[in-house]
Structures are given as C-alpha cells and as structure tokens.
Amino acid sequence: MLETDKIFAGSIPENYDRYMVPLIFEPFAADLARRAASFSPDAVLEIAAGTGVVTRALAPKLSPGATYTVTDLNQPMLDYAAARQPPDSRIEWRQADALALPFEDAAFDLVFCQFGVMFFPDRISGYREAKRVLKPGGHFLFNVWDRIEENVFANDVTNALAEMFPDDPPRFLARTPHGYHDTALIRREVEEAGFSDVAIETRKERSRAPSPRLPALAYCQGTLLRSEIEARDAEKLAAATDHTASAIAGRHGSGEVSAKIQAHVIEAVA
C-alpha cells in the first residue's frame, strides 16, 4: 500500500457516499450491523467508519443505554458521516488512528471495522490495538474484499484504465481494497495478534446501478483511484470516467447493470 492510499479528502468523501456506498457497501453494512447487534454490546467501537454507512445501520439496533464510539483516520470522512447521522446522544465521534487508539485497555465489548483493515500500514499492530481495547471475551468483527477478479465492476474499471494508461496503469483497487484476500493469511495474522475462535465466512452480494456510468463515477471519482488518474494526467479524469463507463456498457449493457461482489467476514474473540 502506498502512503497516498489512505488520504480521503476534497470531494472524495461526498462522491464516495453518493456513489460507492449504494453501489457496493450497503448490503455488507446491513450484514455487519446485524452481526454486531447479535452480540448485544453495551460499549461499541467502530474503526475506519468512512462516511458512516454501518453507523447508520447499527445505531438503531443498539440498546438505549449503549455507548457507540465512531472513529476514522480521515477527519473529512468522519465529518461527513456525522453530518449524515440523525442526532444520537449515544454516539461519540473521534478522529483516531487504528494503530494507536486513544482509548483505555478493556474499554469495549465489541470492536468492528467495515472494509478498513486493508488500509492499515501494519495489520497485526492494528489487530493488537483492537484486542487491547476489548474486554476479555469481547468480539472483534470486520470484513475485507475478496480478490478483484471476484468483484466484477472493480475489475472492469481496473482493466479499462490499463487500456487508457498502458505504460503506468492505476492499480489502487487491486493493490489496496482488493489486496488482502488470502483467508489463511488473515486467520494467521488475527491469531498472531492474540485472538481466538477465528471464524471466516465468504459472502456474495450483487452490485447494482441504473446505468454503466454510475460504477464508472463511483470508482473513478469516489475512491482514491481518482488521485491516481489525476497524477498521471490531471486533465483526463473526465475522459477516464467516460472510457470506463463505455467499457462497463460493452460488457454489461447500456441500461441497468448488475455484477457480483464478494467479501470475507471475520469474527474473533479477545
């Protein structure tokens, strides 16, 4: 992962929430919120909350007396999430680095993270921090994307941009969001951090959009892929989006489009 692979700022938070969240994140957010609520936690910590899609799904499922601390490394993402969340006195918003959490030991019953651990510079350190702030017997819950070939629109976008920039293809999607998919490695690292009872489930969903242009906008302008495109040619963002939309239309049609998305869901006990 490059250092620039974790800086979500500018117009990216708004575009991310507008395009990426409904395209790929909402079904997995509903799944993660259901799993999180099943533990009936009193003290919850969310890491790498992004624009708050799981926060919005989980908060109504928590008990009236629960406390819910929502964090992200990027303040602009956290600000956007807070602005979208209905007023809720149980929620505290905190900018925080997952590798150096600003919380006491054994402070939470549940720590969870939706599609964030792929961005950790040192995943085992991040897992150890999650374990440190969990009460003994508390639960750690997170998900990660499967390999890019199992996530069709992401793969289509990556291949289309490789056609446009053959000498230096933008590889952000394959490198980081879809770069941590080896379940044996995941299990080994979670156990190395001190967790037990590690369970991994591979889950398929469908990514749906009203037109091929929406996935193109989502990936090219609502993720850090935008920074990679602009680094190659600042004037070609619109052209890259158009080319990607055409590639998706060529494979999936010009009307409503649908494609497979797949992720691994991990549960472990502190």
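Predicted, not measured: the structure shown is a model, and the values here were computed from it.

Peer 1: Is there a simple way to think about the pairing of strand 2 (residues 67–72) in this case?
Peer 2: Taken residue by residue, a regular strand's side chains alternate between the two faces of the sheet. In terms of residue burial, strand 2 counts as a mostly covered element, since five of its six residues are buried. One ladder, built from four bridges, connects strand 1 (residues 43–47) with strand 2; its direction is parallel. Counted as the bridge partner of Ala 43 is Thr 67 from strand 2. A crossover links strand 1 with its parallel partner strand 2, the connecting element being helix 2 (residues 53–58), and its sense is right-handed. Bridge count for strand 2 against strand 3 (residues 91–95) is five bridges, and the pairing is parallel. Among the inter-strand pairings, Val 70 is bridged to a residue of strand 3, identified as Trp 93. Traced from strand 2 through helix 3 (residues 75–84) to strand 3, the parallel crossover comes out right-handed.

Peer 1: Would you mind going over the packing of helix 8 (residues 213–221) against helix 10 (residues 237–252) with me for this structure?
Peer 2: Helix packing for two helices is described by the angle between their axes and how far apart those axes are. At their nearest, the axes of helix 8 and helix 10 sit 8 Å apart, and the two run at 140° to each other. With respect to their mutual orientation, helix 8 and helix 10 come out oblique. Between helix 8 and helix 10 lies a crossing of right-handed hand. From helix 8, Arg 213, Pro 215, Ala 216, Leu 217, Cys 220 and Gln 221 reach across to helix 10, where they touch Leu 237, Ala 240, Thr 241, Asp 242, Thr 244, Ala 245 and Ile 248. Among the residues forming the contact of helix 8 with helix 10, the class breakdown is eight nonpolar, three polar and two charged.

Peer 1: How should I be thinking about the pairing of strand 1 in this particular structure?
Peer 2: Most of strand 1 is tucked away: five of the five residues are buried. Because side chains alternate across strand 1, one face comprises the buried residues Ala 43, Leu 45 and Ile 47, and the other comprises Val 44 and Glu 46, equally buried. Two strands pair when backbone bridges link them, and strand 1 and strand 4 (residues 108–114) are joined in this way by four bridges, in the parallel orientation. Among the inter-strand pairings, Ile 47 is bridged to a residue of strand 4, identified as Cys 113.

Peer 1: Is there a simple way to think about helix 8 in this case?
Peer 2: Quick reminder: α-helices carry 3.6 residues per turn. Residues three or four places apart thus point the same way. Counting buried positions over the nine residues of helix 8 gives eight, a clear majority of the element. Those residues of helix 8 that sit buried are Leu 214, Pro 215, Ala 216, Leu 217, Ala 218, Tyr 219, Cys 220 and Gln 221.

Peer 1: Explain the packing of aromatic side chains here, please?
Peer 2: The description of an aromatic ring pair rests on the distance of the ring centres and on the angle between the ring planes. In this structure the tally under the stated criterion is twelve aromatic pairs. Between Phe 103 and Phe 108, the aromatic rings sit 5.4 Å apart at their centres with planes inclined by 90°, giving edge-to-face as the arrangement. Each member of the pair, Phe 103 together with Phe 108, is buried. Between Phe 119 and Phe 172, the ring centres sit 6.4 Å apart and the planes meet at 40°, which makes this aromatic pair tilted. Of this pair, Phe 119 sits in the loop between strand 4 and helix 4 (123–133) while Phe 172 sits in helix 6 (residues 172–175), placing them 53 residues apart in sequence. The same class applies to Phe 119 and to Phe 172, which are both buried. A network of ring pairs unites the aromatic residues Phe 25, Phe 28, Phe 115 and Trp 145 as a single cluster. The ring of Tyr 180 has Arg 123 sitting right over it, with the charged end atom 3.7 Å from the ring centre.

Peer 1: Got a minute to help me understand the environment of Val 144 in this structure?
Peer 2: The residue Val 144 is located in strand 5 (residues 134–145) in this model. When its relative accessible area of 0% is taken as the criterion, Val 144 is described as buried. Separated by 118 residues in sequence, Val 144 and Gln 262 place their C-alpha atoms 9.0 Å apart. Among all residues touching Val 144, those that are not within four sequence positions of it are Phe 115, Val 117, Met 118, Tyr 180, Ile 186, Ala 263, His 264 and Ile 266.

Peer 1: Just to check I follow, could you spell out the side chain of Asp 17 for this structure?
Peer 2: Tracing the sequence through the fold places Asp 17 in helix 1 (residues 12–38). Reaching out from Asp 17, the side chain makes a polar contact with the side chain of Thr 51 at a distance of 2.7 Å. One polar contact links Asp 17 to Arg 56, side chain to side chain, over a distance of 3.3 Å.

Peer 1: What's the story with the environment of Lys 236 in this structure? I'm lost.
Peer 2: Tracing the chain through its elements places Lys 236 in the loop between helix 9 (225–232) and helix 10. In this structure, the C-alpha to C-alpha distance between Lys 236 and Met 164, residues 72 residues apart in sequence, is 9.8 Å.

Conventions we followed
- Residues numbered from 1 in each chain as written.
- Predicted model: local features only at pLDDT ≥ 70, side-chain atom pairs only at ≥ 80, totals over all residues.
- Heavy atoms only, no water.
- Buried < 20%, exposed > 50% of the residue type's maximum accessible area, 1.4 Å probe, protein only.
- Helix = DSSP H or I, 4+ residues; strand = E, 2+ residues; numbered from the N terminus.
- Pairing = 2+ DSSP bridges.
- Right-handed = clockwise from strand over helix to strand, strands pointing away.
- Axes fitted to C-alpha atoms, helices over the stretch in contact; angles between N-to-C directions.
- Parallel < 35°, antiparallel > 145°, perpendicular 65-115°, else oblique.
- Left-handed = near helix turned anticlockwise from the far one by under 90°.
- Contact = heavy atoms within 4.5 Å.
- Nonpolar A, V, L, I, M, F, W, Y, C, P; charged D, E, K, R; others polar.
- Phe/Tyr/Trp six-rings, centres within 6.5 Å; stacked < 30°, edge-to-face > 60°.
- Lys NZ or Arg CZ within 6 Å of the ring centre and 35° of its normal.
- Polar contact = N/O pair within 3.5 Å; in protein donor to acceptor, adjacent residues only side chain to side chain.

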